[in-house]
Amino acid sequence: MFRMKLHWQILIALALGVLAGGVTQALLGDEAGGSWWVALYRFLGSTVFIGLLKMIIVPLIFSSIVTGIAGLHNVEGFGRLGLKTLGYYVTSSALAILIGLAVVNVMKPGLVDGGPNPKVAEFIEENREKFEEEAEGRTAAGVAQESGGHPLGVVGDLVERMIPSNVFKAASDNGAMLSLIFVSLLTAFGLIAIDGYGKEALVSAIGGLNDLMIKVTGWIMKLAPLGVFGLMAYTIAQTGPSFLLSMLKYMVTVLVALGLHFFVALPLLLVLVGKVNPLRHYRAMRDALLTSFSTASSSATLPVTMRCLQDKAGVSKRTSSFVLPLGATVNMDGTALYECVAVLFVAQVMGAALGFGEQLSVVVLALLTSVGVAGVPSASLVAIVIIIQNVAEGQAWGGGAMAAVGAIYAVDRILDMCRTSVNIFSDSCGAVIIAKSEGEEVLSDQ
Ligand code: ASP
């Protein structure tokens, strides 16, 4: 019987979702948010599809990392793998931020004739109260948590997030990805170090759990078209056209910068460093790209990214289970780029001309904060507020910036979908490049 390929099913669902959301928005306008239809879209997309993906993350990540590494019988080369992974994360994120910096300085979305863009300023003024409330409500808790900062800086903070005080509590907390990775690595290395029946029994039981999770991921992906339809319809039904029009130049700037990273910088890295055919790699990652685009969550997409990378790109379990979960949490090129563009846009709209030194601090802060951003929708807004607070400290423009962040939030979802795709694509490029450097043969070899 003819069966349409999954990515075609998802693409069609995406188009139908846009259509259904557009019709709902056109018919119901501002009322759409509280309607039965939007509740249905949300149910299909968030409750069922994202819910199922999140459900399998903990057992899938734990079992993939343990089977990927414990099956190897020795720990040789893991230090090297770790260093390469870190090197890739820093290089690709820095590249992304510099692209964002260049594009926002050339396109100047917040300025018209050297002054703040009146269209945007008017839009912010009209909605000031609502935006301020929304931005403060969304970010206050996160800012307190993140900028409280660790006395030992980023490293101290990372280590603190890595070591769980209670393994079971960490496993039940979806945000505790770093501790999950840490515990899985410890288990894997521990299993390599012990011998006997206990070792064999555990390795094969965890291997069985991994096979099971891979099977379940396959089942969940069968529901992807329905989930993607719901997610798209939900997003579009709630986004009024007036918001989009006022912020158009900003949105185009973000998209141009993300596009340059996605279509030029990352493929160049694939060709030059990995000697890998980028077209084949895009094709291998199709399902994951469509899922990240619809869910706007790197974490929820992780099971699909793993599946594509192992089954379609041909990367080994060892490399993919090391590079991907860590990447989904720590390596966010799209997010880092976005933070940089957003902060400079807010400064432009507020009439602040940031000098070289200030722009450099934005770059460094974007690199550091993108590490802490969780792989969930709109998570980077907290980081944007932190950067603005740091850079604008003691300056007048910082005061009004919250309303501008609210305006960014109003159009965030669509941009979030795009930057999340860049985030997971960069993780996958890193995994392929590192796999090649470890002597693996991947399917997208040139
Ligand atoms: N939604 C992004 C992700 O999951 C994070 C962000 O930039 O808000 O990768």
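See the structure shown above.
Rules and cut-offs
Residues numbered from 1 in each chain as written. Predicted model: local features only at pLDDT ≥ 70, side-chain atom pairs only at ≥ 80, totals over all residues. Heavy atoms only, no water. Helix = DSSP H or I, 4+ residues; strand = E, 2+ residues; numbered from the N terminus. Rg over C-alpha atoms; globule rule 2.2 N^0.38 Å. Buried < 20%, exposed > 50% of the residue type's maximum accessible area, 1.4 Å probe, protein only. Contact = heavy atoms within 4.5 Å. Areas by Shrake-Rupley, 256 points an atom, 1.4 Å probe, with all protein chains shown as cover. Lys, Arg positive; Asp, Glu negative; His and termini not counted. Charge placed at Lys NZ, Arg CZ, Asp CG, Glu CD. Patch = residues over 30% accessible without salt bridge, like charges linked within 9 Å, V, L, I, M, F, W, Y side chains within 5 Å. Salt bridge = Lys/Arg side-chain N within 4 Å of Asp/Glu carboxyl O. Near = heavy atom within 4 Å. Polar contact = N/O pair within 3.5 Å; in protein donor to acceptor, adjacent residues only side chain to side chain. Expected span 1.5 Å × (residues − 1). Bend = angle between axes of the 7 residues up to and from the residue. Disulfide = S-S within 2.5 Å. Core = buried A, V, L, I, M, F, W, Y, C linked by side-chain atoms within 4.5 Å.

Undergrad: In this structure, what is going on with the overall build of the chain? I would like to understand it.
TA: If you tally the helices and strands in the chain, you get 21 helices and 2 strands. Its C-alpha atoms give the chain a radius of gyration of 22 Å, near enough to 22 Å, the size a compact globule of 446 residues would have. Each of the 446 residues in the chain was classed as buried or not, and the buried ones make up 53%. Taking as baseline every contact in the chain between residues at least 6 positions apart, the subset at least 24 positions apart corresponds to 84%. When the accessible surface of the chain is split by element, carbon and sulfur atoms take 66% of a total near 19,300 Å². Charged side chains in the chain number 28 positive and 32 negative. The centres of these two groups are separated by 11 Å.

Undergrad: Help me understand a nonpolar patch on the surface, please; the structure alone is not making it clear to me.
TA: A cluster of nonpolar side chains, contributed by Met-4, Trp-8, Leu-11, Ile-12, Leu-16, Leu-19, Val-23, Leu-27, Leu-28, Trp-36 and Trp-37, occupies part of the molecular surface with about 1,200 Å² of accessible area. Contributions of two or more residues to the nonpolar patch are made by α1 (6-28) and α2 (36-70). Residue contributions to the nonpolar patch peak at 8 residues, all from α1. For Leu-11, the location among the structural elements is in helix α1. Residue Leu-11 is classed as partly exposed on the basis of its relative accessible area of 36%.

Undergrad: Could you clarify how one ought to interpret the site of the ligand in this entry?
TA: Every one of the 17 residues lining the ligand counts as a neighbour, but Ser-298, Thr-335, Asp-416, Arg-419 and Asn-423 are closest to it. Residue Thr-335 places a side-chain N or O atom 2.6 Å away from an oxygen atom belonging to the ligand. At 3.2 Å from a nitrogen atom of the ligand is found a side-chain nitrogen or oxygen belonging to Thr-420. Taken by itself the ligand offers 270 Å² of open surface, and the protein chains cover 100% of this. With 4 residues, the top contributor of residues to the shell around the ligand is helix α21 (residues 412-437).

Undergrad: So what exactly am I meant to see when it comes to unusual backbone geometry here?
TA: Trans peptide bonds make up most of the peptide bonds, and negative phi angles are found at most residues other than glycine. Not every positive phi belongs to a glycine, and Lys-108 is a case in point at roughly 40°. Take Lys-108: it is sitting in the loop between α3 (78-107) and β1 (111-112). Despite not being glycine, Ala-296 has its phi angle at roughly 55°, a positive value. Here Ala-296 is to be found in the loop between α14 (286-295) and α15 (298-312). Residue classification places Ala-296 among the buried positions, given a relative accessible area of 1%.

Undergrad: Before we go on, may I ask you to explain α2 in this structure?
TA: End to end, α2 covers 49 Å across 35 residues, agreeing with the expected 51 Å (1.5 Å per residue, within 8%). Of all the bends in α2, the greatest reaches close to 40° and is centred on Ile-57; the proline Pro-59 follows between one and four positions later.

Undergrad: I'm lost on the state of the cysteines in this one. Help?
TA: Two cysteines joined by a covalent bond between their sulfur atoms form a disulfide. In the structure shown here, the tally under the stated rule is 0 disulfides. Distance from the sulfur of Cys-308, which forms no disulfide, to the nearest cysteine sulfur (Cys-429) is 13 Å. You can call Cys-429 buried: its relative accessible area is 0%.

Undergrad: I keep staring at the nonpolar core and nothing clicks. Help me out?
TA: In globular proteins that are soluble, nonpolar side chains generally tend to be buried together. Met-247, Tyr-250, Ile-388, Trp-397 and Ile-408 are the most contacted members of the largest nonpolar core, which totals 122 residues. Residues contacting Ile-388, with those up to four places away along its chain left out, are Val-343, Val-346, Glu-393, Trp-397, Ala-401 and Val-405. Ala-20, Val-38, Tyr-41 and Ala-233 belong to the second largest nonpolar core, which has 6 residues in total.

Undergrad: I would appreciate a short explanation of the pattern of salt bridges in the present structure.
TA: Side-chain pairing between opposite charges can occur once the charged atoms of the two side chains come close. Applying the stated criterion across every chain yields a total of 6 salt bridges. Among the ionic pairs, Asp-287 bridges to Lys-312, the shortest N-O distance being 3.3 Å. Linking Asp-287 in helix α14 with Lys-312 in helix α15, this pair joins segments that are 25 residues apart in sequence. Between Arg-318 and Glu-438 there is a salt bridge, with its nearest N and O atoms 3.0 Å apart. Placement of the pair is Arg-318 in helix α16 (residues 317-330) and Glu-438 in the segment after α21, with a sequence separation of 120 residues. Here the two residues Arg-318 and Glu-438 agree in accessibility, since each one is buried.

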